[in-house]
Amino acid sequence: MSYLFALALTLLIEGAVVFLFGFRSIRYQVSVALVNGITHPLFHLILLLSATPLLRTLSDIILVIGMLEGVIVMVEFFFLAWLYPKKKKIFLLFVSLCMNTASALAGFFIFF
């Protein structure tokens, strides 16, 4: 699958998740798209650069992807907390976790 397909799938899934959590305005959707425009290419670049030397087994792949997703959850959480300071931080962390879990699982089941 192509990178653009992966990015579109991520935007669709994470946009749907934030919509379900009540982030229905265009501002929220654009915010999620912008933060994914930063984290998604970085995730794939790091994964690509580490592909040959580190990822020899499926468990290695899952470990590296899990660590990268953990960092992305935190980056997206801080971005959302900065954009929406009146929202409860624990809620924004939960939203970020749900967004990334949903898109990571979708990507895992499609690409593996």
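Because the structure is a prediction, the values reported are computed rather than measured.

Details of the overall build of the chain
Next up, step 1: Secondary structure summary: the chain contains four helices and zero strands in total.
Next up, step 2: Each helix (α) and strand (β) of the chain, taken in turn from the N terminus, gives the series α-α-α-α.
Next up, step 3: A globule of 112 residues ought to have a C-alpha radius of gyration of about 13 Å, and the chain, at 14 Å, matches this closely.
Next up, step 4: Projected onto its principal axes, the C-alpha positions of the chain cover 45 × 25 × 20 Å.
Next up, step 5: Expressed as a percentage of its 112 residues, the buried residues of the chain come to 37%.
Next up, step 6: At a minimum sequence separation of 6, the contacts of the chain that also span at least 24 residues come to 68%.
Next up, step 7: Accessible surface, the chain as shown: approximately 6,900 Å² in total, 79% of it carbon and sulfur.
Next up, step 8: Positive and negative charge centroids in the chain, built from 7 and 4 side chains respectively, lie 18 Å apart.

Details of the packing of helix 3 (residues 58-83) against helix 4 (residues 89-111)
Next up, step 1: At their nearest, the axes of helix 3 and helix 4 sit 9 Å apart, and the two run at 145 degrees to each other. For the crossing formed where helix 3 meets helix 4, the hand is right-handed. Residue-level inspection shows Leu-58, Ile-62, Glu-69, Ile-72, Val-73, Met-74, Glu-76, Phe-77, Leu-80 and Ala-81 of helix 3 in contact with helix 4, the latter providing Lys-89, Leu-92, Leu-93, Ser-96, Leu-97, Met-99, Asn-100, Ala-104 and Phe-108.
Next up, step 2: Residues belonging to the contact of helix 3 with helix 4 are distributed by class as follows: 14 nonpolar, two polar and three charged.

Regarding helix 4
Next up, step 1: Between its first and last C-alpha, helix 4 extends 32 Å over 23 residues, near the 33 Å set by a 1.5 Å rise per residue.
Next up, step 2: For helix 4, the set of buried residues is Leu-92, Val-95, Ser-96, Met-99, Asn-100, Ser-103, Ala-106 and Gly-107.

Here we look at empty space enclosed by the protein
Next up, step 1: Applying the stated rule across the entire model yields one cavity of 30 Å³ or more.
Next up, step 2: The computed volume of the largest cavity comes to approximately 40 Å³.
Next up, step 3: If you trace the largest cavity, you find it lined by Val-18, Phe-23, Tyr-28, Ser-31, Val-32, Leu-80, Tyr-84 and Val-95.
Next up, step 4: For the lining of the largest cavity, the element with the most residues is helix 2 (residues 26-54), which contributes three residues.

Focus: the packing of aromatic side chains
Next up, step 1: Enumeration over the complete set of coordinates arrives at nine aromatic pairs.
Next up, step 2: Look at Phe-21 and Phe-94: their rings are 5.6 Å apart centre to centre, the planes differ by 85 degrees, and that puts the pair in the edge-to-face class. Residue Phe-21 is located in the loop between helix 1 (3-20) and helix 2, and its partner Phe-94 is located in helix 4; the two are separated by 73 residues in the primary sequence.
Next up, step 3: With a centroid separation of 5.8 Å and an interplanar angle of 10 degrees, the aromatic rings of Phe-23 and Phe-91 are classed as stacked.

Calculation rules
- Residues numbered from 1 in each chain as written.
- Predicted model: local features only at pLDDT ≥ 70, side-chain atom pairs only at ≥ 80, totals over all residues.
- Heavy atoms only, no water.
- Helix = DSSP H or I, 4+ residues; strand = E, 2+ residues; numbered from the N terminus.
- Rg over C-alpha atoms; globule rule 2.2 N^0.38 Å.
- Buried < 20%, exposed > 50% of the residue type's maximum accessible area, 1.4 Å probe, protein only.
- Contact = heavy atoms within 4.5 Å.
- Areas by Shrake-Rupley, 256 points an atom, 1.4 Å probe, with all protein chains shown as cover.
- Lys, Arg positive; Asp, Glu negative; His and termini not counted.
- Charge placed at Lys NZ, Arg CZ, Asp CG, Glu CD.
- Axes fitted to C-alpha atoms, helices over the stretch in contact; angles between N-to-C directions.
- Left-handed = near helix turned anticlockwise from the far one by under 90°.
- Nonpolar A, V, L, I, M, F, W, Y, C, P; charged D, E, K, R; others polar.
- Expected span 1.5 Å × (residues − 1).
- 1 Å grid on protein atoms, 1.4 Å probe; cavity = no way out; pocket = protein on both sides within 12 Å on 5 of 7 lines; lining within 4 Å.
- Points joined across faces, edges and corners; volume = space filled by probe spheres on them.
- Phe/Tyr/Trp six-rings, centres within 6.5 Å; stacked < 30°, edge-to-face > 60°.

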